[in-house]
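Each chain, letter by letter, is given below.
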Amino acid sequence: MAKKKKQNKIFVLDTSVILFDHNSINNFEDNDVAIPITVLEELDNFKKGSDTKNFEAREFIRTLDKLSESHLLQDWNNLNGSTKGRFKVIMENQSRMMSGRLTEADIIFGTSKNDHKILDSAVFLAEENPEDLVTLVSKDINLRLKAKALGINAADYETGKINDLQALNTGKSHIENVPDDIIELLFKEGKVPEDRLDFLKVRNNEYYVLQGDNSSVLAYFNPIERVLERIDKHKCYGITPRNAEQTFAVHAILNPDVKLVTLQGVAGTGKTLLSLAAAIESRRHFKQIYLARPIVPLSNKDIGYLPGDMKAKINPYMEPLWDNLKFIKNQWRETDPNYHRIEEMVNKEKIVVTPLAYIRGRSLSNVIFIVDEAQNLTPHEIKTIITRAGENTKMIFSGDIYQIDTPYLDEHSNGLSYLIDRLKGNEIFAHVTLEKGERSELSNLAGELL
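These figures come from a predicted structure and were not determined experimentally. (Residues numbered from 1 in each chain as written. Predicted model: local features only at pLDDT ≥ 70, side-chain atom pairs only at ≥ 80, totals over all residues. Heavy atoms only, no water.)

A.B. asks: I'd love a proper account of the sheet that holds strand S4 (residues 86-90), names of residues and values included.
C.D. replies: Pairing is mixed across the open sheet formed by six strands, whose spatial order is S3-S4-S2-S1-S5-S6. Both outer strands of the open sheet, strand S3 (77-78) and strand S6 (153-155), are each paired with one neighbouring strand and no more. Inspection of the sheet shows strand S1 (residues 9-13) paired to strand S2 (residues 32-36) by three bridges, in the parallel sense. By the bridge assignment, phenylalanine 11 is partnered in S2 with valine 33. (Pairing = 2+ DSSP bridges. Helix = DSSP H or I, 4+ residues; strand = E, 2+ residues; numbered from the N terminus.)

Next up, the structure:
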């Protein structure tokens, strides 16, 4: 029986894919990749600036320039590597350009815009190659829907995407029916060697609630000493953990052997507050504490349209961080030295609140770096931030992977989910998922019932 010939696949890349990952052109195995000329036109508008999307645009333009050193882009050319497919730039339909007619998408959707030119390029390519499977790849959900409405196959960009969120590492486990002698040993000696943990599947820096017949204990697996250690609640600069998960989070941040911590949880679970309090508690080990969060402007407008200097522009986005600092400060009386110490640290720039836009190119040594709302970052942005870490630097990423404010990310493709999934089990990484809201009774009511 003759072997069935493999159907050739052609993937048409939207601008959003390239701004998400400049190396996307190389991530389609041995299939062909097409770039509409309109995408190159849009990339031209993104090449200037210091944001990650500007970097991605510039890097892709350089990549395409190298690939086309001895070729014309209108022709199919081989991508680098023997296992790769081909690529080309799709020109607009010449007869349509000469006649000035609207694209098919323009006619159907009633407006003329670049998205419709990209759609029309995919339609034109499918008409030219009826035997091939043409797929428009876009991070823009609505553009994918429009493509399907026109009869064009469409898909999200899958590289770096977490498919099974149910299997995403939570960093903690509740173990019942633990032998009483193990719990007794944890209370008496504070630790249990790995060779006695046959009832437990251990993972580096994993946290556990161990439940016996008569008592329970909090513990974590120390990957350096290869022992299970008891954990006690630790008050941090006036802030006391209110549940097991918060106790785990504080332990991870205060643990000097853990250099990277991720905290995931809905609003009100204490992610930012605990990060700040534990960072201030460990201030003697670092020269500075950096607090940062990505700026996601309203209506996707750049912050340049806001009045004032840079500080005035970013302050509205940084208010949640200042609110948490004020809350920690107000745990003390105004006459207490601890109250004034936070003000002094801010004035002397021992505590620095900053946006993430200008992190590229910096080297951060002897600092504890807290990134709030990390779910609004791409995997590449997360990597860019972590690679800034110098000697004696600790990084904390916190956020809610189900509450995303950027248009081309979701719970499967954001940088925080990617980070939690890729680094699980690493000796210098710890993760905790916070589940119980502790902000207030009213906040918990809204979270549960509204």
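Still more ground to cover, so stick around.
A.B. asks: How would you explain the packing of helix H9 (residues 244-254) against helix H10 (residues 271-281) if you had to name every residue and give the values?
C.D. replies: Across the interface, H9 lies against H10 with an axial gap of 9 Å and an inter-helix angle of 40°. By the angle between their directions, the pair H9 and H10 is classed as oblique. Both H9 and H10 take part in a crossing whose hand is right-handed. Note on element contacts: H10 touches H9 through Leu274, Ser275, Ala278, Ala279 and Glu281, opposite Gln246, Ala249, Val250, Ile253 and Leu254. Here the contact of H9 with H10 is built from residues that sort into seven nonpolar, two polar and one charged. (Axes fitted to C-alpha atoms, helices over the stretch in contact; angles between N-to-C directions. Parallel < 35°, antiparallel > 145°, perpendicular 65-115°, else oblique. Left-handed = near helix turned anticlockwise from the far one by under 90°. Contact = heavy atoms within 4.5 Å. Nonpolar A, V, L, I, M, F, W, Y, C, P; charged D, E, K, R; others polar.)

A.B. asks: How would you explain the sheet that holds strand S12 (residues 260-265) if you had to name every residue and give the values?
C.D. replies: One open sheet accounts for six strands, arranged S14-S13-S15-S16-S12-S17; its pairing is parallel. Because the sheet does not close on itself, it has two edges, and the strands there are strand S14 (351-355) and strand S17 (429-434). Adjacent strand axes in the sheet meet at a mean angle of 15°, parallel and antiparallel pairs treated alike. Pairing between S12 and S17: six bridges, direction parallel. Along S17, the bridge assignment pairs threonine 262 with histidine 431.

A.B. asks: So what about the packing of aromatic side chains? Which residues, and what values?
C.D. replies: The relative placement of two aromatic rings is captured by the distance of their centres and the angle of their planes. Tallying each qualifying case throughout the model produces seven aromatic pairs. Centre to centre, the rings of phenylalanine 28 and tyrosine 157 are 6.1 Å apart; their planes meet at 45°, and the pair counts as tilted. One end of the pair, phenylalanine 28, is in the loop between helix H1 (15-20) and S2; the other, tyrosine 157, is in the loop between S6 and strand S7 (172-175), and 129 residues separate them in sequence. Tyrosine 157 gets classed as buried once you look at its relative accessible area, which sits at 2%. With centroids separated by 5.6 Å and ring planes inclined at 25°, the aromatic side chains of tyrosine 207 and tyrosine 220 adopt a geometry described as stacked. You can see tyrosine 207 sitting in strand S9 (residues 207-211) and its partner tyrosine 220 sitting in strand S10 (residues 216-222), a full 13 residues away along the chain. For the pair tyrosine 207 and tyrosine 220, a shared accessibility class is recorded, and that class is buried. Three or more aromatic residues joined by ring pairs make a cluster, and in this case those are Phe11, Phe20, Phe28 and Tyr157. (Phe/Tyr/Trp six-rings, centres within 6.5 Å; stacked < 30°, edge-to-face > 60°. Buried < 20%, exposed > 50% of the residue type's maximum accessible area, 1.4 Å probe, protein only.)

A.B. asks: Describe helix H14 (residues 415-422), listing the residues and the values that go with them.
C.D. replies: For an α-helix the count is 3.6 residues per turn, leaving residues at separations of three or four pointing the same way. Within the sequence span of H14, burial applies to Gly415, Leu416, Ser417, Leu419 and Ile420. The N-capping residue of H14, defined by a side-chain oxygen 3.0 Å from the backbone nitrogen of leucine 416, is asparagine 414. (Polar contact = N/O pair within 3.5 Å; in protein donor to acceptor, adjacent residues only side chain to side chain.)

A.B. asks: Could you give an account of unusual backbone geometry, naming the residues involved and the relevant values?
C.D. replies: Although it is not a glycine, glutamate 349 adopts a positive phi angle of roughly 60°. Within the element layout of this structure, glutamate 349 appears in the loop between helix H12 (337-347) and S14. For glutamate 349, a relative accessible area of 52% gives the class exposed. Positive phi, normally seen in glycine, also occurs at glutamate 373, with a value near 55°. When you line up the elements, glutamate 373 lands in the loop between strand S15 (367-371) and helix H13 (379-386).

A.B. asks: How would you explain the pairing of strand S16 (residues 394-399) if you had to name every residue and give the values?
C.D. replies: Most of S16 sits inside the fold, with six of its six residues counted as buried. Both faces of S16 are covered, namely the face carrying Lys394, Ile396 and Ser398 and the face carrying Met395, Phe397 and Gly399. As paired elements, S15 and S16 share four bridges and run parallel to each other. The residue bridging isoleucine 370 from the neighbouring strand is isoleucine 396, located in S16. Remark: the S15/H13/S16 crossover connection has right-handed handedness. (Right-handed = clockwise from strand over helix to strand, strands pointing away.)

A.B. asks: Run through the nonpolar core, naming residues and quoting values.
C.D. replies: Phe248, Ile280, Ile289, Leu291, Ile328 and Ile351 are the most contacted members of the largest nonpolar core, which totals 41 residues. In terms of residue count, H10 provides more of this core than any other element does, seven residues in total. Beyond its immediate stretch of four places on either side in the chain, isoleucine 351 contacts Ile280, Ile289, Leu291, Leu325, Ile342, Met345 and Val346. If you look at the next biggest cluster of nonpolar residues, it comprises 38 residues, including Leu13, Val33, Ile35 and Ala122. (Core = buried A, V, L, I, M, F, W, Y, C linked by side-chain atoms within 4.5 Å.)

A.B. asks: With reference to specific residues and values, describe the pairing of S2.
C.D. replies: When you tally the buried positions in S2, you get five out of five residues, the bulk of the element. Burial along S2 is two-sided: the residues Asp32, Ala34 and Pro36 and Val33 and Ile35 are all buried. A crossover connection joins S1 to the parallel S2 through H1; in handedness this β-α-β unit is right-handed. With four bridges connecting them, S2 and S4 associate as parallel partners. Residue valine 33 lies in a different strand from S4, and its bridge partner there is phenylalanine 87.

A.B. asks: Any details on the pattern of salt bridges? Residues and values, ideally.
C.D. replies: Within the structure shown, the criterion is met by 18 salt bridges. Residue aspartate 156 is joined to lysine 139 by a salt bridge in which the shortest nitrogen-to-oxygen separation is 3.2 Å. Of the two residues, aspartate 156 is situated in the loop between S6 and S7 and lysine 139 in the loop between strand S5 (133-137) and helix H7 (141-149); the sequence distance between them amounts to 17 residues. The class for lysine 139 is buried, based on a relative accessible area of 3%. Between glutamate 343 and lysine 329 there is a salt bridge; the shortest N-O distance is 3.2 Å. Here the residue glutamate 343 occupies a position in helix H12, and lysine 329 occupies one in helix H11 (residues 310-329), the gap between them amounting to 14 residues. Look at the salt bridges and you will find they share partners, linking Lys139, Arg144, Asp156 and Lys161 into a network. (Salt bridge = Lys/Arg side-chain N within 4 Å of Asp/Glu carboxyl O.)

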